[in-house]
Amino acid sequence: RCLSDWSSDVCPSNTPMLDGLEIRPEDDPLGLFSKDPATLTPEEQRILKKQRRLLKNRESAQLSRHRKKMHLTSLEKQVEALKKEKAALASKVSDLQEENERLRKEMITLS
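Residues numbered from 1 in each chain as written. Predicted model: local features only at pLDDT ≥ 70, side-chain atom pairs only at ≥ 80, totals over all residues. Heavy atoms only, no water.

### A few points about the overall build of the protein
Just so we agree on the cut-off: To qualify as a helix, a DSSP run of H or I must reach at least 4 residues; to qualify as a strand, a run of E must reach at least 2; elements of each kind are numbered from the N terminus. Throughout this description, buried means an accessible area under 20% of the type-specific maximum (1.4 Å probe, protein chains only), exposed means over 50%, and partly exposed covers the range between. The contact definition used throughout considers only heavy atoms, calling two residues in contact when any of these lie within 4.5 Å. Throughout, the Shrake-Rupley method with a 1.4 Å probe supplies accessible areas, and for residues the shown protein chains are the sole cover considered.
Along the protein, the regular secondary structure elements total 1 helix and 2 strands. Seen in sequence order, the protein has helices and strands lined up from the N terminus as β-β-α. Taking all 111 residues of the protein together, 17% fall into the buried category. Of the contacts made within the protein by residues no fewer than 6 positions apart, 39% connect residues no fewer than 24 positions apart. For the protein, the accessible area works out to roughly 9100 Å², and carbon and sulfur atoms hold 57% of it.

See below:
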């Protein structure tokens, strides 16, 4: 998945990928992702493992921010719907109070 654009599930064909994650040049300054893992020194393997973890963490953080944004949007829509419902109910209460007052006055005049 391209991390730079959530609206697109397709990355440019020249973008290197690792486990579905976009690898930017700054993510792989030593070019370890393009090497055969069997030929890496223990130090290079440690660095590669750290870079993979950072990539996955970045994707997880971006996904978390996306979910948070979607949740916030949903809550905002819910707030608007509840505001409209509140206004409608307040209007109904006002109408019923007026009717109640009118009926009380009518009852007094009839007695």
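Read on, since the account is not over.
### Some points on the nonpolar core
General note: in soluble globular proteins, nonpolar side chains tend to be found buried as a group. Where we set the bar: Side-chain atoms within 4.5 Å link the members of a nonpolar core, which is a set of buried Ala, Val, Leu, Ile, Met, Phe, Trp, Tyr and Cys residues.
Among the nonpolar cores identified, the biggest contains 6 residues, and these are Ile23, Leu32, Phe33, Leu40, Leu48 and Leu55. If we ignore the near neighbours within four places in the chain, the residues touching Leu40 are Leu32, Lys35, Gln45 and Leu48.

### Thoughts on the pattern of salt bridges
Note the following rule: Any Lys or Arg side-chain nitrogen located within 4 Å of an Asp or Glu carboxyl oxygen qualifies as a salt bridge.
In total, this model carries 3 salt bridges according to the counting rule given. Taking the shortest distance from any N to any O, the salt bridge between Glu43 and Arg46 comes out at 2.5 Å. Of the two residues, Glu43 and Arg46 both sit in helix α1 (residues 42-110), 3 residues apart, roughly one turn of that helix. Residue class for Glu43 comes out partly exposed when judged on its relative accessible area of 41%. For Arg46, a relative accessible area of 47% corresponds to the partly exposed category. Put simply, Arg102 and Glu106 hold a salt bridge, and the shortest N to O gap is 3.4 Å. Placement of the pair is Arg102 and Glu106 together in helix α1, with a separation of 4 residues, close to one helical turn.

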